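# Coordinate inspection notes
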2 protein chains.
Amino acid sequence: MIYLDNAATSWPKPESVYQMVDKVMRQIGANPGRSGHTMAIEAGRLVQETRELAAALFAIPHPSQVVFTLNVTDSLNLALKGLLQPGDHVITSSMEHNAMARPLEALRKNGVTVTKVATSPVNGISLREIQNAIQANTKLIAITHASNVTGTLNPIGEIGKIAKEFGVAFLVDCAQTAGVFPINVQEMGIDLLAFPGHKSLLGCQGVGGLYVHKGITLKTLREGGTGSHSESLEQPDELPERYESGTLNTSGIAGLGAGIRYIMETGMEKIKQREGKLTNLLVAGLAKIPGVVLYGPPLGQQRAAVVSFNLEQISANELCMILDKSFQIAVRPGLHCAPDAHRVLGTLQGGTIRISPGYFTTEEEIETCLQAITAIGKELVEEMK
Amino acid sequence: MIYLDNAATSWPKPESVYQMVDKVMRQIGANPGRSGHTMAIEAGRLVQETRELAAALFAIPHPSQVVFTLNVTDSLNLALKGLLQPGDHVITSSMEHNAMARPLEALRKNGVTVTKVATSPVNGISLREIQNAIQANTKLIAITHASNVTGTLNPIGEIGKIAKEFGVAFLVDCAQTAGVFPINVQEMGIDLLAFPGHKSLLGCQGVGGLYVHKGITLKTLREGGTGSHSESLEQPDELPERYESGTLNTSGIAGLGAGIRYIMETGMEKIKQREGKLTNLLVAGLAKIPGVVLYGPPLGQQRAAVVSFNLEQISANELCMILDKSFQIAVRPGLHCAPDAHRVLGTLQGGTIRISPGYFTTEEEIETCLQAITAIGKELVEEMK
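Residues numbered from 1 in each chain as written. Chains lettered and ligands numbered in written order. Predicted model: local features only at pLDDT ≥ 70, side-chain atom pairs only at ≥ 80, totals over all residues. Heavy atoms only, no water.

Per an unreviewed UniProt entry, chain A goes by cysteine desulfurase and derives from Pelosinus fermentans B4. According to the UniProt record, the Cofactor (unreviewed entry) comment for chain A reads "pyridoxal 5'-phosphate". Of the comments in the UniProt record for chain A, the one headed Catalytic activity (unreviewed entry) reads "(sulfur carrier)-H + L-cysteine = (sulfur carrier)-SH + L-alanine". (UniProt positions renumbered as here; feature names shortened; annotations may be inferred.)

Here the focus is the domain arrangement of chain A. One widely used convention gives an interface's size as the accessible area the parts lose upon coming together. All names here are of chain A. Under the domain assignment, chain A is made up of domain 1 (15–266) and domain 2 (268–384). If you average the C-alpha positions of domain 1 and of domain 2, the two centres end up 29 Å apart. With both chains or domains summed, domain 1 and domain 2 bury close to 2400 Å², and 65% of this area falls on carbon and sulfur atoms. Counting across the domain 1 and domain 2 interface gives one salt bridge. Of the charged contacts in the structure, one is a salt bridge between Lys-116 and Asp-340, with a shortest N-O distance of 2.6 Å. Linking domain 1 to domain 2 there are eight residue pairs in polar contact (both at pLDDT 80 or more). At the level of elements, helix H4 (98–108) and helix H7 (250–266) are the ones that each hand at least two residues to the side of domain 1 that touches domain 2. (Domains from an automatic or database assignment. Buried area = accessible area lost by both parts, 1.4 Å probe. Salt bridge = Lys/Arg side-chain N within 4 Å of Asp/Glu carboxyl O. Polar contact = N/O pair within 3.5 Å; in protein donor to acceptor, adjacent residues only side chain to side chain. Helix = DSSP H or I, 4+ residues; strand = E, 2+ residues; numbered from the N terminus.)

This part is about the interface of chain B and chain A. Counting from both sides, the interface comprises 80 residues of chain B and, opposite them, 80 residues of chain A. In total, chain B and chain A occlude about 6200 Å² of area from one another, counting both sides; carbon and sulfur atoms represent 52% of this. Taken together, chain B and chain A are joined by eight salt bridges. Between Arg222(B) and Asp74(A) there is a salt bridge whose closest N-O contact spans 3.2 Å. Along the contact surface separating chain B from chain A lie 48 residue pairs in polar contact (both at pLDDT 80 or more). Contributing elements (two or more residues each) for the side of chain B that touches chain A: helix H1 (15–27), helix H2 (38–58), helix H3 (72–83), helix H4 (98–108), helix H9 (316–327), strand S14 (332–334) and helix H10 (339–345) of chain B. The leading source of residues in the side of chain B that touches chain A is H1(B), at eight residues. For the side of chain B that touches chain A, the per-class residue count stands at 27 nonpolar, 33 polar and 20 charged. (Contact = heavy atoms within 4.5 Å. Nonpolar A, V, L, I, M, F, W, Y, C, P; charged D, E, K, R; others polar.)

Glancing now at unusual backbone geometry. Residues and elements named next belong to chain A. Cis geometry is adopted by the peptide bond preceding Pro-240, which originates at Leu-239 and carries an omega value of 0°. Located in the positive-phi region is Ala-59, a residue other than glycine, with phi close to 55°. Tracing the chain through its elements places Ala-59 in the loop between helix H2 (38–58) and strand S2 (66–69). Located in the positive-phi region is Cys-337, a residue other than glycine, with phi close to 55°. Topologically, Cys-337 is positioned in the loop between strand S14 (332–334) and helix H10 (339–345).

All names here are of chain A. Strands sit in the order S11-S12-S15-S14 across an open sheet of four strands; the sheet is antiparallel. Of all the strands in the sheet, the pair left with one neighbour each is strand S11 (292–295) and S14. Neighbour-to-neighbour, the strand axes of this sheet turn through a mean angle of 30°, independent of strand direction. Inspection of the sheet shows strand S12 (residues 307–311) paired to strand S15 (residues 352–355) by three bridges, in the antiparallel sense. Each bridged residue has a counterpart across the sheet, and for Val-307 the counterpart in S15 is Ile-355. Contacts from helix H8 (residues 268–288) reach S11, S12 and S15 within the one sheet, and its direction differs from that of S12 by about 15°. (Pairing = 2+ DSSP bridges. Axes fitted to C-alpha atoms, helices over the stretch in contact; angles between N-to-C directions.)

Turning our attention to the pattern of salt bridges. This model, assessed by the stated rule, comprises 43 salt bridges over all chains. Glu15(A) is the partner of Arg26(B) in a salt bridge, and the nearest nitrogen-oxygen pair spans 2.8 Å. Here Glu15(A) lies in helix H1 (residues 15–27) and Arg26(B) lies in helix H1, a pairing that spans two chains. For Arg26(B), a relative accessible area of 27% puts it in the partly exposed group. Overlapping salt bridges, with partners in common, bring together Glu42(A), Arg45(A), Glu49(A) and Arg261(A) in one network. (Buried < 20%, exposed > 50% of the residue type's maximum accessible area, 1.4 Å probe, protein only.)

A few words now on the packing of H8(A) against helix H11 (residues 363–384) of chain A. Residue and element names in this part refer to chain A. For the pair H8 and H11, interaxial distance at closest approach is 10 Å and the crossing angle is 20°. Put simply, H8 runs roughly parallel to H11. Here H8 and H11 pass one another in a crossing that is right-handed. Contact residues: H8 offers Arg-274, Lys-277, Leu-278, Leu-281, Leu-282, Gly-285 and Leu-286, while H11 offers Glu-363, Ile-366, Glu-367, Leu-370 and Ile-373. Here the contact of H8 with H11 is composed, by residue class, of seven nonpolar, one polar and four charged. (Parallel < 35°, antiparallel > 145°, perpendicular 65-115°, else oblique. Left-handed = near helix turned anticlockwise from the far one by under 90°.)

The subject of this paragraph is the packing of aromatic side chains. The final tally for this structure, using the stated rule, is 10 aromatic pairs over all chains. Measuring from centroid to centroid gives 5.4 Å for Tyr359(A) and Phe360(A), while their planes differ by 70°, and the two rings are edge-to-face. With a relative accessible area of 14%, Tyr359(A) lands in the buried category. Note on Phe360(A): relative accessible area 30%, which makes it partly exposed. Where Tyr262(B) meets Tyr359(B), the ring centres are 6.4 Å apart and the plane angle is 70°; that geometry is what we call edge-to-face. Residue Tyr262(B) is found in helix H7 (residues 250–266), and its partner Tyr359(B) is found in the loop between strand S15 (352–355) and helix H11 (363–384); the two are separated by 97 residues along the sequence. Under the relative-accessibility criterion, Tyr262(B) is labelled partly exposed at 22%. Joined through ring pairs, the aromatic side chains of Tyr262(A), Tyr359(A) and Phe360(A) make up one cluster. (Phe/Tyr/Trp six-rings, centres within 6.5 Å; stacked < 30°, edge-to-face > 60°.)

Written out as C-alpha cells, the structure is:
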C-alpha cells in the first residue's frame, strides 16, 4: 500500500516510536506523577523527558509550560475557551480547520465576536488585513501555521510582531507544520502553541500539546486529580498540573518523545527539504495531468506537504475510491474538516482530493500515484467518448 | 518488583493488549472515521469494535452511545459540565475522587448547588439521605461506584431506582469497578457511566469512556473536526461524533478492546472472586500486624480491591518509601486525590497507605507485602525502645 494521508496521521513511524510505546506499556506501566514508587517515578520521568524535548523543539522557556492533551483539537479548545470571555474579540483566518473554527463558532454564540480575515489560498493571510481588524477589545489572534487543505503557510513570525505591538495574545495551530518547519515561540511572539503528537512529530495518536506563555492563565476545561495539592477541591495553579487532570497517556507521551528525538537526530531542515522535494514532484506531476485543477501555492513556493486538487472528469470521492481499490493508494477526499477553506477555494460542494506525503514517502510512490491518476483520467476521457 | 498500585493503573496487561497496540501502530496507523481508504476504514472498524465490546460489557443499548475520551476525568467533566446549568442542584457523596469533586466545585462557583451526602467508609452512601436531599431543582445524582481510598461500594442499583422515581439523571463513576463488578446501565437506571480504560478494563493509559443515555443531550466540552457534517461550523448532533472531536487514540482504543475481550473470555465473576480473595488475604493479614489501623469495610464484606491503612509508628510516605526501596513493593501513600474521603476518614493530614491488588497479583506477593510491613513495624518498635 502507498500511504499518502500523512496530513491526517503520519505513517509509518520511526521504529524507535513503536519500541518506546511497547517498552513503556510492558515495563513502566505505572501512573506518572502519582505515588512515589520507582515505577511511578520512572513513568513521570518519561513524561518529563517528552516535555523537555517539546520545549527544546519550540524554544519554549520552561518544560512546565508544555501541557499534554488528548489531541490538537483538545489543545485548541483549552486555549480558546480558557482565554476568551463574552465581550472579547478574536481575529482568525478564513481558512481554518474545524478544530479552530467550531470552538470559535461556539464562543461566538456565547458573546465573543469573531473576525475571519480574508485569506488567500496562495499567499495566506494578509498582515495589513489583520492589523485593520484589531479593535479595542481584541484579545487574541488565532491562526493556523499552514492550511490542512492547501498547505499554504501563514507568516506567523510577522503576525506575532503585530500581536506584540498591539498587546494581543497570539495562538498558533501548528498541526501541519510541527516537526518540519522551525517554530520558535519566543522569536515569533507566540503565546499559545497547539500541536498534535501523531502528525509530523511522528508520535502516535492520543497525545496533543499546548504551550502556555507564563503571562497567561487560562480557565480550565477539565478539573480533577492532578497528583498535587490533593487536599484541595480547587484545581492547582501550577503548570502543567493545572491543565492536566486525570491520568496521562504515558506510553503515548513517551512515544511522542521518541518521535521528537528522531526529528532532532535527523535534522528538521533535512525533513523539510525531503518533504519539499516530494511535494514539488507531486505538484509538477499533477499540473501535467489533463483535467487536473490544483489549489494552493504554485510550484516552487514553500508550503506544507499538503496538496489539494480535483480531476474535472470525476468527483473527489470516486477518484479516491479508485485509487484505494485498484491501486492501493491511500489519499483523502472531501472537505478535510475545513469548510471555511473550501468556501475560499469554491470547493464546498465536492471538496478536493488531498495528497499528503511524509518524510518516509519515496519518489517512486509519488510517481506511482501520479501514473495512477493519469491512467484514471485517460480512462474516463475514453469512456466519455 | 511487586506491583500493588492497580487502583491507579493496572499492570501488567494481558499479552493480547500489548500485541494489539503494537499491531495497530505498525499496521493500521491511519486516522479512523476520516478518509475512505482501506487503512482508515480498518482503523475505524477497530474503534467500532471496542465501542461494541464496551456496550456489551455494560449492557448499553447501542454502541454509538459509547463516547471515547482521554480518561475517566475527561468523561466526568463532560458529563457534569455538559448537563448541569446554573440554578441546578446535584447530589453527590462525601467520599468522591477529585475527578468528581473538583469539577463539581468549579460548577458550584458557577451557580450550581451541590449537596454532599454523608457517606460511611464502611457501608457507603445512605439511600434515605439521598432521598432526603432531593429538591425540586435536583438535576443529577453523581456518585462513584466504589471509593478509590477504601474500596467501599455504593448501592448504585438502588440509587438508580431513586433517580428514576424522582426523574433525576444518574451519573456513575466506575473507575474502581469497571471490568470486575457487573454494571448494567439499563437495569441499574444509569444515564451516564464514566469509565477509565487503563484500570480494571486492562487497557492502556490515554483512553476513557462515557456512556450517554439517548434521552440526554450534553453541551460539548470540545468542538472540532469529527469527520462528519464537515461542511458545517456547528458541532454535529449525532453520537458519538458530537462528543469526539479530533483524532481518536486508535491504538489505545483497540488495546482497550483487547482488554475487554480478555475480561469477557476470562469471565468477570472469576476476576471478581480472584480479586476478592486477594483483598481478603490482605485485610486479614494487615489486621494482625501490631499498630495497623485499617479503614473501610471489615473483613469479608464485599468491596473493590482497594485497601487503605496506616501503621501507627510511621507516616504513610515513609512506609511506602521503605516498601519501595528496601522491598521493591509498589504501593501508594497520601491522599489519593480524594480529600473528601480523607475528611470522612480523619486522615486528611497524612493520608493513608493504599494497597490495590489486581487480577494478576499472586497470593505470594500479598504474603511478601504483609511480611515486609510486619518487619518494618517490628523494626520501628525496636528503634523506639
